[in-house]
Amino acid sequence: MDESDTSVQTNYSSEIFTIDHSNQEIAEYGNGMFLKLRDRDISATANIIDSTGATDQTTDQEDGIAVPITIDLSFNDITDCACLQKLLKASEMNIPTNTYIQELNLSNNSIRGECVHNIISFLDTNDRLQKLNLSGNFLNKETALSALTKAIGDSNETLQVLSLDWNGISGEVCANIFRNLMIKSKSLKKLDLSWNNFSDVGKILGQGINLTTRLEHLDLSNNPLTNEDIVDILSGIVNPTSLRSLGISHVFVDEQVETAISKAQSRVPNISVKVAIYTDMKSDPVFDKKTLYLQRIHFLGVTKPKKKKRKFDIGHVLLKMKNDGNLEPMKFSLFISTFANLKVKGVIMELIEGLANQFRNADKTINVALMLDKYLDLYPDTTL
């Protein structure tokens with residue numbers, strides 16, 4: 001992008017500033033500001049959007065009525081704190097008269113924990129912010145999350161929606177951080193922690209849900225939660241709570257979990273527990289359990305392993321068996337020992353045992369060929 005491409009466009013309901021790598025300065029341009037960053041491989045547009053969808057703000061501004069706007073800085077390569085600080089500063093300086101920032105979208109950048117203080121500063125100076133989207137970043141350090149949630153829980157009284165999905169958050173310390181946020185926040189109504197790496201923290205999260213007085217929606221979907229996690233979360237909900245919906249979709253649900261859901265909803269009828277995968281539940285016997293088992297094993301092994309070296313794709317194993325000419329029906333014990341020899345353990349191994357039972361032939365052998373066909377229908381791009 002050359003200098004002639006850099007511009008500020010005004011069209012009543014929006015102001016646009018363009019980020020360029022040809023220079024490094026904050027420069028005044030017309031009635032707004034634009035930011036140009038030197039030597040950065042970045043070319044993006046930050047939109048300031050009238051949240052009301054109005055096409056003409058003149059009447060509201062003349063009447064002195066403040067109009068809420070959204071700052072959208074998603075999908076940029078924000079790799080250092082200086083860049084983030086300047087982007088946020090330019091955003092604040094560029095907002096039109098008689099407006100206020102209601103929503104900040106910083107999703108799908110490369111923001112790391114050391115930049116949290118810039119976000120906290122933005123929260124402090126924009127005291128009408130209601131939505132903060134930080135999904136798809138690398139905000140998984142305990143110290144960073146503690147500082148961010150402390151700022152929100154201790155002093156902020158306006159933020160209603162916080163999205164931290166896809167940040168690789170895990171561990172008991174982080175679970176306790178969000179437990180405290182659920183309890184202390186004065187305004188937060190929706191917290192999205194989906195697509196992270198929480199496991200073995202059910203009791204901690206259950207305590208937060210049980211004691212929250214403001215939070216209405218919590219999404220824990222697509223975390224590698226165990227059955228024990230789900231039961232612990234639901235068993236911890238014993239008091240009337242502000243929570244109205246709990247998302248735990250893409251979890252393995254058996255009769256034990258079904259019972260825990262039923263008991264939690266009988267104790268606290270206002271809570272809706274949203275579970276997308278129902279397996280081994282008496283209330284839904286017509287579900288395709290073969291598909292559900294394969295999807296869950298794929299999710300835990302390919303999408304959400306705790307460490308890269310623990311990645312496991314059952315499709316690779318089945319394709320290798322095919323290449324070796326071993327797709328004939330096999331005994332249950334041989335099928336299980338095949339995966340045990342690959343050092344598959346824990347929840348995935350339990351799921352493989354359940355999967356084998358779904359593919360039993362009349363003679364009780366396992367139909368491995370059908371299993372591979374079914375897997376390739378779900379994940380056709382699987383290769384060795």
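Here the structure is a predicted model, which means the values were calculated and not measured. (Residues numbered from 1 in each chain as written. Predicted model: local features only at pLDDT ≥ 70, side-chain atom pairs only at ≥ 80, totals over all residues. Heavy atoms only, no water.)

Colleague: For this particular structure, what's the right way to read the overall build of the protein?
Modeller: In terms of helices and strands, the protein carries 13 helices and 13 strands. Residues counted as buried form 50% of the 384 residues belonging to the protein. Across the protein, contacts joining residues at least 24 apart in sequence account for 77% of those joining residues at least 6 apart. Surface summary for the protein: the accessible area is close to 18,200 Å², and the carbon and sulfur share equals 47%. (Helix = DSSP H or I, 4+ residues; strand = E, 2+ residues; numbered from the N terminus. Buried < 20%, exposed > 50% of the residue type's maximum accessible area, 1.4 Å probe, protein only. Contact = heavy atoms within 4.5 Å. Areas by Shrake-Rupley, 256 points an atom, 1.4 Å probe, with all protein chains shown as cover.)

Colleague: Is there a simple way to explain the pattern of salt bridges in this structure?
Modeller: Taken as a whole and assessed by the stated rule, the structure comprises two salt bridges. The salt bridge partner of K150 is D154, with a shortest N-O separation of 2.9 Å. With a gap of four residues between them, K150 and D154 both fall in helix α4 (residues 142-154), about one helical turn apart. Close ionic contact of D324 with K320 constitutes a salt bridge, the shortest N to O distance being 2.8 Å. Here K320 falls in the partly exposed class, since its relative accessible area comes to 43%. (Salt bridge = Lys/Arg side-chain N within 4 Å of Asp/Glu carboxyl O.)

Colleague: Looking at this structure, I do not really get the packing of α4 against helix α5 (residues 172-184). What am I missing?
Modeller: What describes two packed helices is the angle between their axes and the distance between those same axes. Contact pair α4 / α5: the axes reach a minimum separation of 9 Å and the direction vectors enclose 5°. With respect to each other, α4 and α5 are oriented roughly parallel. For the pair α4 and α5, contact is made by E142, L145, S146, T149, I152, G153 and D154 and by V173, C174, I177, F178, L181 and K184, respectively. Of the residues belonging to the contact of α4 with α5, the class tally is seven nonpolar, three polar and three charged. (Axes fitted to C-alpha atoms, helices over the stretch in contact; angles between N-to-C directions. Parallel < 35°, antiparallel > 145°, perpendicular 65-115°, else oblique. Nonpolar A, V, L, I, M, F, W, Y, C, P; charged D, E, K, R; others polar.)

Colleague: Explanation requested: a positive patch on the surface in the structure shown.
Modeller: Positive charge collects at one region of the surface, where K307, K309, R310, K343 and K345 lie side by side. Relative to the elements of secondary structure, K309 occurs in the loop between α9 (289-303) and α10 (314-323). (Patch = residues over 30% accessible without salt bridge, like charges linked within 9 Å, V, L, I, M, F, W, Y side chains within 5 Å. Lys, Arg positive; Asp, Glu negative; His and termini not counted. Charge placed at Lys NZ, Arg CZ, Asp CG, Glu CD.)

Colleague: Would you take a moment to explain helix α11 (residues 332-340) for this structure?
Modeller: Spacing of three or four residues puts side chains on the same side of an α-helix, whose turn is 3.6 residues. Restricting attention to buried positions, one finds in α11 the residues F335, I336 and F339. Buried positions in α11, seen along its axis, are confined to an arc of 95° and lie on one side of it. Next to the buried residues of α11 lie α10, α12 (346-358) and α13 (368-378). (Arc of directions from axis to C-beta.)

Colleague: Got a minute to help me understand the packing of helix α3 (residues 116-125) against α4 in this structure?
Modeller: In contact at an axis separation of 10 Å, α3 and α4 are set at 5° when each is read in the N-to-C sense. Between α3 and α4, the angle falls in the class roughly parallel. Contacts between α3 and α4 involve V116, I119, I120 and L123 from the former and A144, A147, L148, A151 and I152 from the latter. Of the residues belonging to the contact of α3 with α4, the class tally is nine nonpolar, no polar and no charged.

Colleague: In this structure, what is going on with the packing of aromatic side chains? I would like to understand it.
Modeller: Between two aromatic rings, the relevant description is the distance of the centres plus the angle of the planes. The full count for this structure, using the stated rule, is six aromatic pairs. Ring pairing ties together the aromatic residues W166, W195 and F299, which thus form one cluster. Its end group placed over the ring of F138, R112 keeps NZ or CZ at 4.3 Å from the ring centre. A cation sits over an aromatic face here: R128 above Y100, 3.7 Å from the ring centre. (Phe/Tyr/Trp six-rings, centres within 6.5 Å; stacked < 30°, edge-to-face > 60°. Lys NZ or Arg CZ within 6 Å of the ring centre and 35° of its normal.)

Colleague: Before we go on, may I ask you to explain the nonpolar core in this structure?
Modeller: A general tendency of soluble globular proteins is for nonpolar side chains to be buried together. In this structure, L106, L162, L191 and L218 are the most contacted members of the largest nonpolar core, which totals 67 residues. In terms of residue count, α5 provides more of this core than any other element does, six residues in total. Apart from residues lying up to four places away in sequence, L162 is in contact with L132, L134, I152, L181, L188, K190, L191 and D192. Membership of the second largest hydrophobic core comes to 29 residues, among which are I297, I348, I366 and L372. (Core = buried A, V, L, I, M, F, W, Y, C linked by side-chain atoms within 4.5 Å.)

Colleague: Is there a simple way to explain the pairing of strand β6 (residues 67-72) in this structure?
Modeller: Counting buried residues along β6, five of its six residues qualify, which places the element largely inside the surrounding structure. Pairing of β6 with strand β7 (residues 99-105), which is carried by six bridges, proceeds in the parallel orientation. Pairing of T70 across the sheet is with E103, part of β7. For the handedness criterion, the β-α-β arrangement of β6, helix α2 (residues 81-94) and β7 is classed as right-handed. (Pairing = 2+ DSSP bridges. Right-handed = clockwise from strand over helix to strand, strands pointing away.)

Colleague: Can you help me understand the pairing of β7 in this one?
Modeller: Residues in a regular strand project their side chains so that they alternate between the two faces of the sheet. Counting buried positions over the seven residues of β7 gives six, a clear majority of the element. Pairing geometry for β7 and strand β8 (residues 131-133), over three bridges, is parallel. If you follow E103 over to β8, its bridge partner there is K131. For the crossover that starts at β7, traverses α3 and ends in the parallel β8, the hand is right-handed.

Colleague: Is there a simple way to explain the environment of L319 in this structure?
Modeller: Looking at the element boundaries, L319 is found in helix α10. For the pair L319 and A369, spaced 50 residues apart in sequence, the C-alpha to C-alpha distance is 9.7 Å. In this structure, L319 is in contact with L372, L376, T382, T383 and L384, ignoring residues within four places of it in sequence.

Colleague: Explain the environment of I233 here, please?
Modeller: In this structure, I233 sits in helix α7 (residues 227-235). You can call I233 buried: its relative accessible area is 1%. Along the sequence, I233 and G206 sit 27 residues apart, while their C-alpha atoms lie 4.0 Å from each other. Residues in contact with I233, not counting those within four places in the same chain, are G202, L205, G206, I209, L220 and L246.

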